[in-house]
Amino acid sequence: MGKKNKRDKDGERKRLVCDLRGTIYELKSKLSEGGQGVVCRTQFPNVLVKVSKFPKEDSRSKTWFDHLQWVSRQPLDCLKIARPQALIDKPRHGYVMELMDGLEPLQHLLGLSQEAAKNGNGPDFFISSGGLSRRLRLLTALARTLAELHGRGLAYGDLAPGNVFVSRSLEHAEVWLIDSDNISVLSREGGQKIYTPEYGAPEIIRGISGIDSLTDSWSFGVIAFQLLTLQHPLIGDIVSDGDPDDEERALKGELPWIDDPDDDTNRASSGIPRGWVLTKELQRLCHQCFGPGRNTPEARPTMSEWRAALEAGAARLMNCGGCKSGFYFNRDSECNFCNHVQEDAEHVLMRHYLYTPVSEEERQAGLTEWIKTGHVQVLGREPLELRASPVGTTSYAESELVCTLTMKENDGLYIEPVAGVAVALQSQKSQETKILTKRMRLKETSRRGDTYMLNLSDSDALHYAWRFKW
């Protein structure tokens, strides 16, 4: 795998490789391994090297090296993808990449989660490893990177937990992709057919398609479903208890997915209850991906749809005062994981509306200027950003910030518009409207359950608003 012409202090032969600029790297511990090569740590902090499994003379290695040179020229700036920093040419082909400190393969978290599920400790480990909040943040970050990559006309390819690196710390949700040598242009006709078992799209496993945005969407869906439910979407009880042929059939898309509403032959008796970890929109996208999308790739969600649904799910989270996990807002404010009921004072439910002016004749005919859009956010003890587009839409992340809400214990609710922007706070009780151009506070002592409309505009023209009680 590398040049062996020196020994370390213990007498072991060093594995050395050299890039085109003459820099020598010592290959340390193996970090991951795929069909094309092996990723190793080096003597340089945060510097990794991937080296081909095949000799330089092998046509597979030459083709791969040509592709590496192509990847190094692609527009990957500002994406959290560890792109080639230098190319290795001695003694085998490879490349150098840099990675932030404090990251580990997502496979580590998934492996521990699956082991805990087998031992009957799935929910407990789910909570202790960051809970629902951390998992949604990790998946949202990954979906954002893939959506931006697809927007540049490129597909990632071999998307699997071993290629996704995430923050080791539970408090952070940094996500980076390695193995950028898998990247290629979007093409369903040919191109690379590299995949990792259990994560490759059925059409790639069957050898009838190359990689594209829809095969990335499939692999992402598998990772998301596994990370949230601790269960593979295609490996039900009959597959787990069957022989290797059953698993091959399932991964090729020849069996129904485990939550198919019309066919329960491949049901799974394990995993976290779906309603605990998947919103209705996420459940819909999972069915869209693994049901109709199993054998009809065009039916799968786009990465922008995955990202929007994950952002909307994170916006509905409440922080449990019992087990400290996040859980989706419900009428009883009860945590699914520990049954703790959260006090009303700990959160504010916000519902999204569209304001559209109506004439007096239209109002008398029963039309209203307030149209409920169905988007919801929960304000807890963390600041909440309100943007021009509501959370849960594909344009949310790129839309402009309008104002920030902060709820401080025993103090009140602070509403702070962005500099140069005006919003309007309307009391439904008094019908009084205040134009806000700077931070204002609704005092804790004034909290009586009165209804307010926070208009993201100071005009009577068409605009969005958020309704809440204080």
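Cut-offs applied
Residues numbered from 1 in each chain as written. Predicted model: local features only at pLDDT ≥ 70, side-chain atom pairs only at ≥ 80, totals over all residues. Heavy atoms only, no water. Helix = DSSP H or I, 4+ residues; strand = E, 2+ residues; numbered from the N terminus. Buried < 20%, exposed > 50% of the residue type's maximum accessible area, 1.4 Å probe, protein only. Contact = heavy atoms within 4.5 Å. Lys, Arg positive; Asp, Glu negative; His and termini not counted. Charge placed at Lys NZ, Arg CZ, Asp CG, Glu CD. Expected span 1.5 Å × (residues − 1). Patch = residues over 30% accessible without salt bridge, like charges linked within 9 Å, V, L, I, M, F, W, Y side chains within 5 Å. Areas by Shrake-Rupley, 256 points an atom, 1.4 Å probe, with all protein chains shown as cover. Salt bridge = Lys/Arg side-chain N within 4 Å of Asp/Glu carboxyl O. Phe/Tyr/Trp six-rings, centres within 6.5 Å; stacked < 30°, edge-to-face > 60°. Lys NZ or Arg CZ within 6 Å of the ring centre and 35° of its normal. Pairing = 2+ DSSP bridges. Axes fitted to C-alpha atoms, helices over the stretch in contact; angles between N-to-C directions. Parallel < 35°, antiparallel > 145°, perpendicular 65-115°, else oblique. Left-handed = near helix turned anticlockwise from the far one by under 90°. Nonpolar A, V, L, I, M, F, W, Y, C, P; charged D, E, K, R; others polar.

A. Summary view of the overall build of the protein chain. A tally of helices and strands in the protein chain yields twelve helices and 24 strands. Along the longest, intermediate and shortest principal axes, the C-alpha atoms of the protein chain span 85 × 50 × 45 Å. Relative to its full complement of 470 residues, the protein chain shows a buried share of 51%. Long-range contacts, defined here as pairs at least 24 residues apart, represent 57% of the contacts in the protein chain between residues at least 6 apart. Counting 60 positive and 65 negative side-chain charges, the protein chain places the averaged centre of each group 6 Å from the other.

B. Representation of helix H11 (residues 303–315) within the structure. In this model H11 runs 18 Å from its N-terminal to its C-terminal C-alpha over 13 residues, within 8% of the 18 Å that 1.5 Å per residue would give. Of the positions making up H11, those classed as buried are Met-303, Trp-306, Arg-307, Ala-308, Ala-309, Leu-310, Glu-311, Gly-313 and Ala-315. Packed against the buried residues of H11 are helix H4 (131–151), helix H6 (213–229), helix H10 (280–290), strand S13 (317–319), strand S14 (326–328) and strand S16 (370–379).

C. View of a positive patch on the surface. Residues Arg-331, Arg-351, Lys-372, Arg-467 and Lys-469 make up a contiguous surface patch of positive charge. In this structure, Arg-467 sits in strand S24 (residues 463–469). Among the residues examined, Arg-467 registers a relative accessible area of 34% and is labelled partly exposed.

D. Up close: the packing of aromatic side chains. If you walk through the whole model with that rule in mind, you get twelve aromatic pairs. With a centroid separation of 5.7 Å and 70 degrees between ring planes, the pair formed by Phe-225 and Trp-257 is classed as edge-to-face. Of the two residues, Phe-225 sits in helix H6 while Trp-257 sits in the loop between helix H8 (244–251) and helix H9 (274–277), which places them 32 residues apart along the sequence. Considered together, Phe-225 and Trp-257 belong to a single accessibility category, that of buried residues. The structure contains a cluster of three or more aromatic residues connected by ring pairs, namely Trp-218, Phe-225, Trp-257 and Phe-290. Against the face of Tyr-396 rests Arg-387, its NZ or CZ located 5.8 Å from the ring centre. Over the face of the ring belonging to Tyr-414 we find Lys-408, whose NZ or CZ atom lies 5.0 Å from the ring centre.

E. Broad picture of the sheet that holds strand S3 (residues 30–33). Strand order in this open sheet of seven strands is S2-S1-S6-S7-S5-S4-S3, and the pairing throughout is antiparallel. Each having just a single partner strand, strand S2 (24–26) and S3 make up the two edges of the open sheet. Neighbour to neighbour, the strand axes of the sheet diverge by 30 degrees on average, direction disregarded. Relative to strand S7 (residues 94–98), strand S5 (residues 47–52) runs antiparallel, the two being bridged by five bridges. By the bridge assignment, Val-49 is partnered in S7 with Val-96. Here helix H1 (residues 59–71) sits on the sheet in contact with S5, strand S6 (86–90) and S7, set at roughly 40 degrees to S7.

F. Just the packing of H10 against H11, in detail. Between H10 and H11, the shortest axis-to-axis distance is 9 Å and the interhelical angle comes to 155 degrees. Regarding the angle of H10 to H11, the classification is roughly antiparallel. The element H10 and its partner H11 pack so that their crossing is left-handed. Contacts between H10 and H11 involve Glu-281, Leu-282, Leu-285, Cys-286, Gln-288 and Cys-289 from the former and Glu-305, Trp-306, Ala-309 and Leu-310 from the latter. A per-class count over the contact of H10 with H11 returns seven nonpolar, one polar and two charged.

G. Just the sheet that holds strand S21 (residues 433–436), in detail. Here we have six strands laid out as an open sheet, ordered S16-S15-S24-S23-S20-S21, and antiparallel in their pairing. In the strand order of this sheet, the two ends are held by S16 and S21, each with one partner. Ignoring which end each strand starts from, the neighbouring axes of this sheet average 25 degrees apart. Examined bridge by bridge, strand S20 (residues 423–427) and strand S23 (residues 451–455) share four bridges and lie antiparallel to one another. Note that in S23 the partner of Leu-425 across the bridge is Leu-454.

H. H10, seen in detail. When we look at burial in H10, the residues that qualify are Leu-282, Leu-285, Cys-286, Gln-288, Cys-289 and Phe-290. Looking at the buried residues of H10, the elements they touch are H4, H6, H11 and S14.

I. Region of interest: the pattern of salt bridges. If you walk through the whole model with that rule in mind, you get 23 salt bridges. Here Lys-28 ties to Glu-26 by a salt bridge, and the two come within 3.3 Å at their closest N and O atoms. Among the residues examined, Lys-28 registers a relative accessible area of 36% and is labelled partly exposed. Classification of Glu-26 by relative accessible area gives buried; the value is 13%. The salt bridge involving Lys-80 is made with Glu-174; its shortest N-O contact spans 2.8 Å.

J. Local environment of the packing of H6 against H10. At their nearest, the axes of H6 and H10 sit 10 Å apart, and the two run at 130 degrees to each other. As summarised for this structure, H6 and H10 are arranged oblique, according to the angle between their axes. Viewed along their axes, H6 and H10 form a crossing whose handedness is left-handed. On H10, the residues touching Ser-217, Trp-218, Gly-221, Val-222 and Phe-225 of H6 are Cys-286, Cys-289 and Phe-290. Taken together, the residues that form the contact of H6 with H10 break down as six nonpolar, two polar and no charged.

K. View of unusual backbone geometry. Here the amide bond leading from Lys-90 into Pro-91 is cis, since omega sits at -5 degrees, within 30 degrees of zero. Relative to the helices and strands, Pro-91 resides in the loop between S6 and S7. Positive phi, normally seen in glycine, also occurs at Asp-179, with a value near 55 degrees. The residue Asp-179 is located in the loop between strand S11 (175–177) and strand S12 (184–185) in this model. Positive phi is not limited to glycine here, since Gln-431 has a value of about 65 degrees.

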